[in-house]
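What follows is the residue order along each chain.
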Amino acid sequence: MITAMLFAGGKGARMKSVDLPKQFLEVGGKPIIIHTMEHFARHPMVDHIVVACKEDWIDHLEGLIEQFNVQKVKSIVPGGASGFDSIHNGVVATHEFSRDPEDIILICDGVRPMLSEKLITDCILATKKYKTAVPVTPSIDSLLYSEDGETCGKSYQRSTMYITQAPQGYTMERILWAHDQAYKRGILDPVSSSELFIELGEKVHIFLGERFNIKVTTPEDLTTLRSQYYYENYKKFAKEELKYGL
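All figures in this text were calculated on a predicted structure; none of them were measured in a lab.

Cut-off values and rules
By convention here, each chain's residues receive numbers from 1 onward along its written sequence. Per-residue local features are limited, in this predicted model, to residues with pLDDT of at least 70; the limit for side-chain atom pairs, both in listing and counting, is 80 or more; totals at the level of whole chains, interfaces and linings are taken over all residues. Only hydrogens and water are set aside when side-chain values are computed; all heavy atoms of the structure are taken into account. Numbered from the N terminus, helices here are DSSP runs of H or I no shorter than four residues, and strands are runs of E no shorter than two. To estimate the expected span of a helix, count its residues, drop one, and scale the result by 1.5 Å. Exposure classes here rest on a 1.4 Å probe applied to the protein chains alone. A residue is buried below 20% of its type maximum, exposed above 50%, and partly exposed in between. Contact definition: two residues touch when any of their heavy atoms are within 4.5 Å. Any cysteine sulfur atom paired with another within 2.5 Å is treated as part of a disulfide.

Q: Quick rundown of helix α4 (residues 117-130)? Include the residues and the values.
A: In an α-helix there are 3.6 residues to a turn, and that puts residues three or four apart on one side. Here α4 contains 14 residues, and its C-alpha end-to-end distance of 20 Å stays within 8% of the 20 Å for a straight helix at 1.5 Å per residue. Listed as buried for α4 are Leu119, Ile120, Thr121, Cys123, Ile124, Ala126 and Thr127. Summarising the contacts, the buried residues of α4 are in contact with β1 (2-8), α1 (32-42), β6 (104-109), β7 (132-138), β11 (168-171) and β12 (206-208).

As structure tokens, this is what we get:
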């Protein structure tokens, strides 16, 4: 069994959207989180979708799921005080029906609306083989280290640096172990599931992600997303014009 677990419990402070959490901002007449969910709903290998949502927005999300007829949604659970807490709530909810240790959970931000079917497939296949699978893209920028944000005395070799993406795939056995160990050891706010495994002294398998697979976090990301959306629609319109000789 393969379950996509989306977490969307944050307020999106970096987006500077006061009244509306970033996952509910619309692009092309559809909320970002619905775009993200639809990629998993359409994927032939994904069986279920679980969402950890900001609690006071659950009713709104349920309405959107009905409005856009999103399939495969198994459950919606309240998010937590942190991203890790939201993921934990989603993992626990998934484990209620996904009991085989070799079942796969795909953990993904709710604001990844440019996922491709190939990326999801690659993640599933890598998880089946390695039990962990994290998509990454090589860093194209030079990286400097600073503790105070004003001065820098250290740099990193760019060829060894990678940017993590999502979905991140894990067998249920591995993710349940990691979350159990996190609470036992007091690791309560890892940035991502892959970083949790690393903090626990484990290695994770990485595979090549896609640069278009952006996480919509800032207003600049939203501009990029909208630009790409309208460009793709323009290409479709242009093809139709050529087809009919317009």
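Q: How would you sum up the state of the cysteines? Please name residues and give values.
A: All told, the structure shown has zero disulfides when counted by the stated rule. There is no disulfide at cysteine 53, and the cysteine sulfur nearest it, in cysteine 108, is 15 Å away. Taking relative accessible area as the criterion, cysteine 53 reaches 0% and is therefore assigned buried. Distance from the sulfur of cysteine 123, which forms no disulfide, to the nearest cysteine sulfur (cysteine 108) is 8.9 Å.

Q: Talk me through unusual backbone geometry; I want residue IDs and the actual numbers.
A: A cis amide bond links alanine 166 with the next residue in sequence, proline 167, at an omega value of 10 degrees. Within the element layout of this structure, proline 167 appears in the loop between β10 (162-164) and β11. Non-glycine residue asparagine 69 carries a positive phi angle of around 55 degrees. Note on placement: asparagine 69 falls in the loop between α2 (58-67) and β5 (73-78). A residue is classified by how much of its surface remains accessible, and asparagine 69, at 54% relative accessible area, is exposed. Despite not being glycine, lysine 72 has its phi angle at roughly 80 degrees, a positive value. Tracing the sequence through the fold places lysine 72 in the loop between α2 and β5.

Take it as geometry only, folks, not as evidence of what the structure does.
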